[in-house]
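Here is what each chain is made of, one letter per residue.
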Amino acid sequence: MKIKVAKFGGTSLADAIQIAKVKKIIMADPARRYIVPSAPGKSAIYDVKVTDLLYGLENAIEKGDDYLPFYRQIYSRFIDIKQQLGLETNIESELEKILRDLLNGEGVDYAASRGEYLNGMLIADYLGYTFIDAAEVILFDKRGKYDEKATERVLSDRLSHLEHAVIPGFYGSMPNGSIKTFSRGGSDVTGAIVSAAVRADLYENWTDVSGFYMADPRIVKHAKKVESVTYRELRELSYMGAAVLHEDSIFPVYKYAIPINVRNTNEPETPGTMIIPTIENYDGPPVTGIAGKKNFTIISIEKNGMNSELGFGRKVLACIEKYGIPFEHMPSSIDTLCVVLEDAKVKDNINDIVDDIHRTCEPDSVEIVRNLALIATVGKRMRESIGTAAALFTALAKANINIRMIDQGSSEMNIIVGVKNEDFERTMNAIHDAFAL
Ligand code: ADP
Ligand code: ASP
Ligand code: MG
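Predicted model, so just to flag it, every value in this text is computed and none were measured. Per-chain numbering applies: the sequence of each chain, read as written, is numbered from 1 onward. Written order determines the labels here, with chains lettered from A and ligands numbered from 1. Confidence filtering applies because this is a predicted model: local features only for residues at pLDDT of at least 70, side-chain atom pairs given and counted only at 80 or more, and all residues used for totals across whole chains, interfaces and linings. Working from all heavy atoms in the structure, the side-chain values ignore hydrogens and water.

Here we take up the overall build of the protein chain. Each helix is a run of H or I in the DSSP string that is no shorter than four residues. Each strand is a run of E no shorter than two, and both are numbered from the N terminus. Tallying secondary structure elements over the protein chain gives 15 helices and 15 strands in all. For 437 residues, the compact-globule estimate of 2.2 N^0.38 gives 22 Å, and the protein chain sits close to it at 24 Å. Each principal axis of the C-alpha atoms in the protein chain carries an extent, and together these give about 75 × 55 × 40 Å. Put simply, the protein chain has 437 residues, and 54% of those count as buried. A separation of at least 24 residues holds for 74% of the contacts in the protein chain among residues at least 6 apart in sequence. For the radius of gyration, the atom set is restricted to C-alpha positions; the globular benchmark scales as 2.2 Å times the number of residues to the power 0.38. Only protein chains enter the accessibility calculation, which uses a 1.4 Å probe. A residue is then buried if its area is under 20% of the maximum for its type, exposed if over 50%, and partly exposed in between. What makes two residues a contact is simply this: any of their non-hydrogen atoms within 4.5 Å.

So, about the nonpolar core. Side-chain atoms within 4.5 Å are what join buried Ala, Val, Leu, Ile, Met, Phe, Trp, Tyr and Cys residues into a set we call a nonpolar core. Among the nonpolar cores identified, the biggest contains 116 residues, and F8, Y34, L159, I167, I275 and I375 are the most heavily contacted of them. Sorting elements by how many residues they give to this core places helix α5 (residues 108–127) first, with 10 residues. Setting aside its immediate chain neighbours within four residues, F8 contacts L13, V22, I25, I26, I35, V36, P37, S38, W206 and T265.

This next bit is on the packing of aromatic side chains. Aromatic ring pairs: the centre-centre distance and the angle between the two ring planes describe each pair. Between rings of Phe, Tyr and Trp, where Trp is taken as its six-membered ring, a pair exists when centres lie within 6.5 Å; planes separated by under 30 degrees are stacked, by over 60 edge-to-face, and by other angles tilted. On inspection of all chains with the given rule, the structure shows seven aromatic pairs. The interplanar angle of 15° and the centroid separation of 5.9 Å between the aromatic rings of F8 and W206 together place this pair among those described as stacked. Of this pair, F8 sits in strand β1 (residues 4–8) while W206 sits in strand β7 (residues 202–207), and the two are 198 residues apart along the sequence. Residue F8 shares its accessibility class with W206, and that shared class is buried. Feature note: the residues F140, Y146 and F182 constitute an aromatic cluster, connected by ring pairs. Throughout this description, the term charge over a ring refers to an Arg CZ or Lys NZ atom that lies within 6 Å of the ring centre and within 35 degrees of the ring normal. Sitting above the plane of the Y126 ring, K23 keeps its charged end 4.4 Å from the centroid. One residue, R114, lies across the ring of Y117, its end atom 4.2 Å from the ring centre.

With that settled, consider the site of ligand 2. Whether a residue is near a molecule or strand depends on its heavy atoms: if one lies within 4 Å, it is near. Taken together, S38, K49, T51, E116, F170, R184, G185, G186 and S187 make up all the residues around ligand 2. Counting of polar contacts relies on pairs of N or O atoms within 3.5 Å, with two restrictions inside protein: one atom must be capable of donating a hydrogen and the other of accepting it, and residues adjacent in sequence are counted only when both atoms are side-chain atoms. Separating an oxygen atom of ligand 2 from a backbone N or O atom of S187 is a distance of 3.0 Å. Computed with a 1.4 Å probe, the accessible areas rest on the Shrake-Rupley method; for each residue, only the protein chains presented here act as cover. When the free accessible area of ligand 2 is taken as 260 Å², the share hidden by the protein chains comes to 93%. Judged by the fraction of its atoms near the pocket grid, ligand 2 is located in the largest pocket. A cavity, in this analysis, means grid points on a 1 Å lattice covering only the protein atoms where a 1.4 Å probe fits yet has no way out; a pocket is instead an open set bounded by protein on both sides within 12 Å along at least five of seven lines, and a residue lines either one if it has an atom within 4 Å of a point. Molecule-in-pocket calls rest on the fraction of atoms, with more than half required to lie within 2 Å of the cavity or pocket grid points.

Grid points are joined across faces, edges and corners, and a volume is the space filled by probe spheres set on the points. A complete count under the given rule lists one cavity of 30 Å³ or more for this structure. Together, L54, L57, Y71, I74, L95, I98, R114 and L118 line the largest cavity. For the lining of the largest cavity, the secondary-structure elements that each account for two or more residues are α2 (50–63), α3 (68–85), α4 (91–103) and α5. Residues belonging to the lining of the largest cavity are distributed by class as follows: seven nonpolar, no polar and one charged. Classification used: nonpolar for Ala, Val, Leu, Ile, Met, Phe, Trp, Tyr, Cys and Pro, charged for Asp, Glu, Lys and Arg, polar for all others including Gly.

With that out of the way, let us pick up the pairing of strand β13 (residues 365–378). As defined by bridge partners, strand β11 (residues 289–302) adjoins β13 across 11 bridges and the pair is classed as antiparallel. Bridging across to β13, I290 finds its partner in T377. Bridge count between β13 and strand β15 (residues 414–420): seven bridges; the pairing is antiparallel. In the sheet register, V378 faces β15, and the bridge partner there is N414. A pair of strands is labelled paired if DSSP reports no fewer than 2 bridges between them.

Printed below as a string of structure tokens:
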């Protein structure tokens, strides 16, 4: 029999009504054996994610502020689910223990992870499935890096004895037993890890949209749905802001070529989008998707003869590395080099960095451009199709958008443009409309 792993996101599990829908979906297909839930997210009734309340609770305790408003909200979210679904789990004592642990100094990762932990317990009870605490099966090393080998061994062994199980998303544990979370949205990563461990035939990622759209539907209202996306395209797009799937969801399933199906909990009859290793003989449109983020800074350096100066790029990057700042892109031409950095990471050090560049690289000029948005246009067929770049730039010219930077990624699968923050939404719409045929 086929095995499917089904991960449900925060909005899909926000309250008892949503969880009841999820049970229907799970029961409709016996292959849906391993379930990975998120913490309750936003819904029609609630406008805050439980994970955010948990971060707030920990922060208030740490600062010595009044933490009870956070605790009461978290408490009532879980009690409502329990009562409305008629469950027996003693969630009250779990909640009380969590508060005690936090008052005794348990840290922020422990706090954040409790939304998935408690929701997982309730959902396991509701489905009649075994609950597995992710701390026992999702393992990080002592530096806090995800330990793929150890996890696969422990998790595969544990699940091989179970017909059905609920494994909460987003967290695991370090060798000393302390809880460690992935970055935000990390339940997607847990879903992929569980899929790899059981060699699933399909990883279903159930969310609140009917699949992957050419652009974020919150920004491009009429965004076109995409039928299939390759792993590599998805990674480029999710890294650049297409938040529907965490960018690290691909690594675990890559090895076993497990397809991911993004589906809508509120519209289970629609097939959603398939995310697959590669598409053989693909001859569809050149652009698969557009994604972007705001708030970048460009350091633009000019120096005559830069191209023949040995080690110039390295010296520039060393000035930035000194402050522990990673760079996003580095487009260059014969006498100029630009380094693109996140505003938030660079804002305290920008003057020192520019001074260092002047001292060590002796450029002719250094210019800083702030408040820039980056937009990536991604497509596996872009490298073979003539005129994609021309169509993109024509669309932006027609919309009267000034491009501050262009970078064609070395994968030749994307073109990145930098525009002013205030032009971000217009740029996304203009590029979408130029390629959504
Ligand atoms: P979940 O809680 O189910 O994990 P997320 O909020 O993390 O859901 O991701 C789903 C959201 O991703 C959608 O509601 C949508 O607003 C956003 N999104 C951003 N880019 C895209 C895109 N290209 N296609 C579909 N959804 C997108
Ligand atoms: N609950 C976590 C978050 O809000 C993880 C997830 O939903 O994937 O980031
Ligand atoms: Mg998510």
